[in-house]
Number of protein chains: 2
Amino acid sequence: MTATDKVLSAIDANLSASLDRLFALIRIPSVSTDPAHNEDCRKAADWVVEQLREIGFEASARETGGQPMVVGHGGAMPGNGVPHVLFYGHYDVQPADPLELWETSPFEPRLVDTPQGEQIVARGACDDKGQFMTFVEACRGWVDATGSLPIAITVLIEGEEESGSRSLGPFLDSHKDELKTDFALVCDTGMWDAKTPAINTMLRGLLLEEIVVTAANRDLHSGMYGGAARNPIRVLARIIADLHDADGQIQVPGFYDGVEELPADVKAQWDGLGFDEKAFLGDVGLSVPAGETGRSVLEQIWSRPTCDVNGIIGGYTGGGTKTVIASKASAKVSFRLVGNQDPFKIRDSFRAFVKERLPADCEVEFISHGASPALQVDVSGPQVARAAAALEAEFDRPAVMMGCGGSIPIVGDFKNTLGVDSILIGFGLDDDKVHSPNEKYNLSSFHHGTRAWARVIGALGGA
Amino acid sequence: MTATDKVLSAIDANLSASLDRLFALIRIPSVSTDPAHNEDCRKAADWVVEQLREIGFEASARETGGQPMVVGHGGAMPGNGVPHVLFYGHYDVQPADPLELWETSPFEPRLVDTPQGEQIVARGACDDKGQFMTFVEACRGWVDATGSLPIAITVLIEGEEESGSRSLGPFLDSHKDELKTDFALVCDTGMWDAKTPAINTMLRGLLLEEIVVTAANRDLHSGMYGGAARNPIRVLARIIADLHDADGQIQVPGFYDGVEELPADVKAQWDGLGFDEKAFLGDVGLSVPAGETGRSVLEQIWSRPTCDVNGIIGGYTGGGTKTVIASKASAKVSFRLVGNQDPFKIRDSFRAFVKERLPADCEVEFISHGASPALQVDVSGPQVARAAAALEAEFDRPAVMMGCGGSIPIVGDFKNTLGVDSILIGFGLDDDKVHSPNEKYNLSSFHHGTRAWARVIGALGGA
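Residues numbered from 1 in each chain as written. Chains lettered and ligands numbered in written order. Predicted model: local features only at pLDDT ≥ 70, side-chain atom pairs only at ≥ 80, totals over all residues. Heavy atoms only, no water.

Draft legend 1. Geometry of the nonpolar core. Counting residues in hydrophobic clusters, the biggest one holds 103 residues, and the most contacted among them are Phe335(A), Phe335(B) and Phe350(B). When neighbours within four sequence positions are excluded, Phe350(B) is seen to be in contact with Glu209(B), Ile211(B), Leu243(B), Val252(B), Val333(B), Phe335(B) and Phe366(B). With 67 residues, the next largest nonpolar core counts Leu8(B), Ala122(B), Ala399(B) and Leu460(B) among its residues. (Core = buried A, V, L, I, M, F, W, Y, C linked by side-chain atoms within 4.5 Å. Buried < 20%, exposed > 50% of the residue type's maximum accessible area, 1.4 Å probe, protein only. Contact = heavy atoms within 4.5 Å.)

See the structure below:
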């Protein structure tokens, strides 16, 4: 029986205790974007520190301008063939609203029996508490079963991933030496499907802008002023309508600079994946791809840039009616970026695009919520091969090298600031309802994810 | 000393008691559109009933499907040259939000000393509590000073004017005999300016529609689905943007059917009023008329139809960001109607206009919040002449026969259901911030308004 086999048995034997720990973390509503939850974010950070200390890590919650950053050091001494990895995850979660759509309290995790097997339902069940805990529990498995870890591990768990990771860049800058490692492991992505593991090799960037349009200096009676007064909701609607043409092409000047066509071989691999567009859209009640005409859904969500409005509000939105012309209206706009698109150039171009469309008597305020470029992950190199082999051993299928519609700016920061490449391995699924009501994480994702990390750790340590 | 003179002296002597009564009514937050305030509406209705009983009216609050209707009968026996008038006002008010923009609590009335004189500041100070109380206090003045009223008066104070007056039509239908009178007096409009009285002769109609656009069956992660998933906020924005062309013309097919050009003489009279467009817009921080190109502001707000979006909401609208593609987005749209525009034909055409613009996978729900045609008031006839003379006597200036941007559907209902014409006299001013934070009513409007009604009552009674 190899060391890894012992670890896997320990993980299986301790599954319910592992779940109890995950549930305890989920019960802390660490919503980083809402200052009302700052205390909860602090609690979650301290909780993670405690976990790491329990398994022999030297860990602490570090102060930042925003939410605390958890850093822990543990495992074997690096060098002499023992790799030093930097593991990344985040303890913060998205807001739970709209609350009324949750079947039970979002921060009261529960195990639900479904035709697809048992599922953990709660905000953060997958993104990213359930995900990063698979790695922490894998480390615990090694310590429980063998008393040690075969590799050197630095753990970095941040608390602002869902709110723009403002403190991360500065923190990496000021902790280069402490965080310098051979490469990074990031657990915030998905599997190809419930049975097939994946390593993500492509990440879209993200530009987050909020625009606030103001016209009159107060709300007006639409009977008294209607017809003569500028309506900022109409101004905002016009701007949003102008952002795309009939073919779904984004109209911000220069937006597509740096966007390249998918390499033929990658496109061929993707076409060969047998991705079921109808099922992917049908799962959420849709049937027709709404993106750029002539692109496959995989291209639209993995390799093409997008622009979406994530929220809009203005005027009277309560029950009944109020015949008012609002003084202001606002919208949250996000852009997913690919290839070499420059988020800062696009931000400037977008703001100019908006200003050009402002009629008389209107002012606009721009609020930036973050800007990060797209990423190509280098998948040559022995560690990726070892990780892929370990995943195949656990799931009995080769790991798919896939793209990822989401954005994990950290990967760019690791490369640019620390000079380390990242390997992105996660166990989320398309139907996890991440960022939505009733978010879930399959128990099999949590269990096999933990086992898979145990194997990866063993493989990287030469076990 | 004539009877009217005695009444005017009594009104002057009792002004502070009159104010106390108005303040007591204002303190009841009778917001009819919000079910949370149903109890307050009931309280306000009972309070008005009590006032009418105090001055000898036989009054009661009548049940309806919505808020109670106050009906009171008092004054002289009709006939033998003694006219019977139906007085209309409403005790309900608009919601007070946005609360943070109020300098003090909206339902805690206060007298504020300003360069323009003392002002009553509170929600409902003008619309319509301050306004209709001028008539009630005028009646009280007659009763206090002479022990009686020279005309027969039926008072009708409704509680749903700010929420579509749903119960009014059915109530008039079922109370035709009780409410049959010679003509109606309506106090819900404005003066020409702080020194010049007015009688309104033109009222825009109102069509209130709410549209709810739904795409996916749940909110989606814009990273996972962005590019492929339909975004209802974008769909709604496109529909709103399509409602007007570059010249401010409304694009709903058939919208302008029944809209006629202003008669040359009326236009000449309006042009002669010396209306200060710059001041009217400048008062609310605007400078350029935003309506149909080539129309004067008075035309835009008095005699031209309009379409405005009074509210819009969709997706994440809290602090920070949430990279979500919302499942639904909604907007409240209102149309001001003139001439012979048919609100029901326009509603059908508008709904078809919206449906034509729905892309694949989108559904729309329409919620109707009311529909009423525009009104021309007949101003020939001796009562109008008597009322105008009484106004001139009080303000020492002739009353302006003016248009009105707002909508008072009741006038149409009185004509169609009861067969009575209405005379619209009110004492509001353009800067009263009706429907806005810090709504106010000049003390002079309240005081001279009460005195003016006392004179009108006297004149109609042949005093």
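Draft legend 2. Inspection of the domain arrangement of chain A at higher detail. All names here are of chain A. Domains assigned within chain A are domain 1 (3–203 + 374–460), domain 2 (205–259 + 308–372) and domain 3 (261–304). Each of domain 2 and domain 3 was reduced to a C-alpha centroid, and the two centroids are 28 Å apart. The interface is formed by 6 residues belonging to domain 2 together with 7 residues belonging to domain 3. Summing the contributions of domain 2 and of domain 3, the shared interface buries around 490 Å²; its carbon and sulfur component is 44%. Three residues stand out in domain 2 for area buried against domain 3, namely Asp247, Val259 and Val338, and they jointly supply 63% of the buried area on that side. Our count for the contact surface shared by domain 2 and domain 3 stands at 0 salt bridges. Across the contact surface, domain 2 and domain 3 share 3 residue pairs in polar contact (both at pLDDT 80 or more). By residue class, the composition of the side of domain 2 that touches domain 3 is 3 nonpolar, 2 polar and 1 charged. (Domains from an automatic or database assignment. Buried area = accessible area lost by both parts, 1.4 Å probe. Salt bridge = Lys/Arg side-chain N within 4 Å of Asp/Glu carboxyl O. Polar contact = N/O pair within 3.5 Å; in protein donor to acceptor, adjacent residues only side chain to side chain. Nonpolar A, V, L, I, M, F, W, Y, C, P; charged D, E, K, R; others polar.)

Draft legend 3. Summary view of the relation of the copies chain A and chain B. The transformation that overlays chain A on chain B combines an axial shift of 0.0 Å with a rotation of 180 degrees, and the residual RMSD is 0.1 Å. What the superposition gives is, in effect, a two-fold axis relating one chain to the other. Residue by residue, 99% of the interface of chain A is reproduced at the interface of chain B, so both copies engage with the same surface. (Least-squares fit on C-alpha atoms with pLDDT ≥ 70 in both.)

Draft legend 4. Representation of the sheet that holds strand β4 (residues 110–114) of chain A. All names here are of chain A. Read across the open sheet, the 3 strands follow the order β4-β5-β18; overall the sheet is antiparallel. In the strand order of this sheet, the two ends are held by β4 and β18 (440–442), each with one partner. Strand-to-strand, the axes of this sheet are offset by a mean angle of 35 degrees, without reference to chain direction. Relative to strand β5 (residues 117–121), β4 is paired through 5 bridges, and the arrangement is antiparallel. The partner of Thr114 across the bridge, within β5, is Gly117. Its contacts with the sheet put helix α15 (residues 443–460) on β5 and β18, and the angle it makes with β18 is roughly 55 degrees. (Pairing = 2+ DSSP bridges. Helix = DSSP H or I, 4+ residues; strand = E, 2+ residues; numbered from the N terminus. Axes fitted to C-alpha atoms, helices over the stretch in contact; angles between N-to-C directions.)

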